[in-house]
Amino acid sequence: MDTEISLPEVDTSTLFARVPFNRLLGLRREFCEAGQARMVLETRDELTNNFEATHGGVIMTLLDVAMSSAALSKSGFQRAVVTIDMSTSFLKPGRGRLVAHGTALGGGRSVCFCEARIEDEAGDLVAKAMGTFKYVQP
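What counts and what doesn't
- Residues numbered from 1 in each chain as written.
- Predicted model: local features only at pLDDT ≥ 70, side-chain atom pairs only at ≥ 80, totals over all residues.
- Heavy atoms only, no water.
- Helix = DSSP H or I, 4+ residues; strand = E, 2+ residues; numbered from the N terminus.
- Buried < 20%, exposed > 50% of the residue type's maximum accessible area, 1.4 Å probe, protein only.
- Lys, Arg positive; Asp, Glu negative; His and termini not counted.
- Charge placed at Lys NZ, Arg CZ, Asp CG, Glu CD.
- Salt bridge = Lys/Arg side-chain N within 4 Å of Asp/Glu carboxyl O.
- pLDDT = per-residue confidence, 0-100.
- Contact = heavy atoms within 4.5 Å.
- 1 Å grid on protein atoms, 1.4 Å probe; cavity = no way out; pocket = protein on both sides within 12 Å on 5 of 7 lines; lining within 4 Å.
- Points joined across faces, edges and corners; volume = space filled by probe spheres on them.
- Nonpolar A, V, L, I, M, F, W, Y, C, P; charged D, E, K, R; others polar.
- Pairing = 2+ DSSP bridges.
- Patch = residues over 30% accessible without salt bridge, like charges linked within 9 Å, V, L, I, M, F, W, Y side chains within 5 Å.
- Areas by Shrake-Rupley, 256 points an atom, 1.4 Å probe, with all protein chains shown as cover.
- Core = buried A, V, L, I, M, F, W, Y, C linked by side-chain atoms within 4.5 Å.

**Section: the overall build of the chain**
Phase 1 of the analysis: Counting its secondary structure elements, the chain contains two helices and six strands.
Phase 2 of the analysis: Along the chain direction, N to C, the helices and strands of the chain fall in the order α-β-β-α-β-β-β-β.
Phase 3 of the analysis: Each of the three principal axes of the chain carries a C-alpha extent, and together these read 70 × 25 × 20 Å.
Phase 4 of the analysis: Classification of the 138 residues of the chain by burial places 39% in the buried group.
Phase 5 of the analysis: Measuring between centres, the 15 positive side-chain charges of the chain sit 2 Å from its 17 negative side-chain charges.

**What about the pattern of salt bridges?**
Phase 1 of the analysis: By the definition in use, this model includes nine salt bridges.
Phase 2 of the analysis: With a shortest N-O distance of 2.7 Å, Glu46 and Arg44 are connected by a salt bridge.
Phase 3 of the analysis: With relative accessibility at 29%, the residue Arg44 sits in the partly exposed group.

**What to know about the confidence of the model for the chain**
Phase 1 of the analysis: Summarising the model, the chain shows a mean pLDDT of 92, and 93% of its residues fall at 70 or more.
Phase 2 of the analysis: In this model residues 1-7 is a low-confidence stretch, pLDDT under 50, and it forms zero contacts with partners more than four residues away in sequence or in other chains.

**Quick word on the layout of surface pockets**
With a probe scaled to a water molecule rolled over the atoms, the places where space remains empty come into view.
Phase 1 of the analysis: The calculated volume of the largest pocket comes to roughly 200 Å³.
Phase 2 of the analysis: If you go around the largest pocket, you meet 14 residues; those closest to its centre are Phe16, Val19, Asn22, Val65 and Ser68.
Phase 3 of the analysis: When residues of the lining of the largest pocket are traced back to their parent elements, those giving at least two are helix H1 (20-25), helix H2 (56-74) and strand S3 (80-90).
Phase 4 of the analysis: Ranked by residues supplied to the lining of the largest pocket, first place goes to H2 with six residues.
Phase 5 of the analysis: Its residues assigned to classes, the lining of the largest pocket shows eight nonpolar, four polar and two charged.

**Considerations on the pairing of strand S1 (residues 28-33)**
Phase 1 of the analysis: Two strands pair when backbone bridges link them, and S1 and strand S2 (residues 36-42) are joined in this way by five bridges, in the antiparallel orientation. Paired with Glu33 across the two strands is Gln36, which belongs to S2.
Phase 2 of the analysis: Here S1 folds back onto S2 in antiparallel fashion, the turn holding two residues, of which Ala34 has a positive phi close to 50 degrees.

**Remarks on a nonpolar patch on the surface**
Phase 1 of the analysis: A contiguous nonpolar surface patch, about 280 Å² in accessible area, is contributed by Val19, Phe21 and Leu24.
Phase 2 of the analysis: Position of Leu24 among the secondary structure elements: in helix H1.
Phase 3 of the analysis: A relative accessible area of 56% means that Leu24 is categorised as exposed.

**Overview of the nonpolar core**
Phase 1 of the analysis: Membership of the largest hydrophobic core comes to 32 residues, with the highest contact counts inside it found for Leu27, Met39, Ile59, Leu62, Leu63, Cys114 and Ile118.
Phase 2 of the analysis: At the level of secondary structure, the elements contributing two or more residues to this core comprise S2, H2, strand S4 (97-107), strand S5 (111-119) and strand S6 (125-136).
Phase 3 of the analysis: Among the elements that take part in this core, H2 stands out by supplying ten residues, more than any other.
Phase 4 of the analysis: In contact with Ile59, not counting residues within four places along its chain, are Thr54, Phe90, Leu98, Ile118, Val126 and Ala127.

Listed below in structure tokens is the structure:
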């Protein structure tokens, strides 16, 4: 007997909003579609380091979330992702409103290669990253 098994529809487009850490930081997703994502963070005092700049861990989180969102959208929000590798370069202190742009560059059925950059209010490059994300079932 040849029967076709249908898997339930999966929608991972709401995963970002369900991550408590994203809410704690105040991250906002402005755009996420077709392998592209844009995230925004309004830096506040409790997210800064001793130089009154956005803490490096917060910067890395913003880059990670932008890339993972891009990877999710590349899959048509049918899969979830986990970060398996990330390389970050810090170029200048981040202050004020920070915007992260994530792009899914390629990959295959099991992994997605991404890049992201963060710009400050003046449009200056604050940090950039490359990452590898593994697709997993939600």
